[in-house]
Amino acid sequence: MREEEIETAIKVVVVGNGAVGKSSMIQRYCKGIFTRDYKKTIGVDFLERQIEVNDEDVRLMLWDTAGQEEFDAITKAYYRGAQACVLAFSTVDRDSFDAVESWKRKVEDEVGTIAMVIVQNKIDLIDDAVVQPNEAEALAKKLRLRFYRTSVKDNLNVDEVFRYLAEKYIDEM
Ligand code: GDP
């Protein structure tokens, strides 16, 4: 009898204020595309991508809030069983940066301590930045989280974010 391969599947929730680029990030990572006017598909819970970590197949399931964050109405089903989390904010949206800590608390209230990372998206718009680099670094240090700067538009650092989460999850498994 052939031994069954044990596959690691990780549910990743991507949270943060509206319009910081969460859906775009998921689309970029799982489908390799970027569209400026991507319309949220209600009904699709998550997209997935498989990667290899330490010679092991890991399936990442990336959950999209599908706009629910706008109404502060993220359902319990969204968080249920989450094993990793992206806390996203935008370079050009001050409120989204100020909300990072409360997003962290929300996730932890629902699922406890899980692998997390802070992501500053839209760094292609750095000329219009409303968050200074040292502020973001200070927040990451305070919350003791790894911090990445991404541009989903230019496909900068997106793969690295999810690889880091997968590795962190596996390390702590
Ligand atoms: P969500 O509400 O957090 O899911 O945000 P969306 O993914 O819908 O993105 C909001 C807008 O920001 C869309 O028009 C995206 O095309 C745009 N966007 C996403 N990522 C980037 C980025 O890295 N750079 C720039 N310039 N625009 C981005």
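Residues numbered from 1 in each chain as written. Predicted model: local features only at pLDDT ≥ 70, side-chain atom pairs only at ≥ 80, totals over all residues. Heavy atoms only, no water.

### Things to note about unusual backbone geometry
And step 1. With a phi angle near 50°, Asn54 is a residue other than glycine that sits in the positive phi range.
And step 2. Relative to the helices and strands, Asn54 resides in the loop between β2 (46-53) and β3 (56-63).
And step 3. Non-glycine residue Asp55 carries a positive phi angle of around 65°.
And step 4. Structurally, Asp55 can be placed in the loop between β2 and β3.
And step 5. On the basis of relative accessibility, which here comes to 72%, the residue Asp55 falls in the exposed class. (Helix = DSSP H or I, 4+ residues; strand = E, 2+ residues; numbered from the N terminus. Buried < 20%, exposed > 50% of the residue type's maximum accessible area, 1.4 Å probe, protein only.)

### A closer look at the packing of aromatic side chains
And step 1. Going through the model one piece at a time under the given rule, you end up with 5 aromatic pairs.
And step 2. When the ring of Tyr29 is compared with that of Phe162, the centres are 4.5 Å apart and the planes differ by 35°; the resulting orientation is tilted. With Tyr29 in helix α1 (residues 22-31) and Phe162 in helix α6 (residues 158-172), this pair connects stretches of sequence that are 133 residues apart.
And step 3. The class of Tyr29 is buried, set by a relative accessible area of 3%.
And step 4. Residue Phe162 is classed as buried on the basis of its relative accessible area of 0%.
And step 5. Between Phe46 and Trp63, the ring centres sit 5.1 Å apart and the planes meet at 25°, which makes this aromatic pair stacked. (Phe/Tyr/Trp six-rings, centres within 6.5 Å; stacked < 30°, edge-to-face > 60°.)

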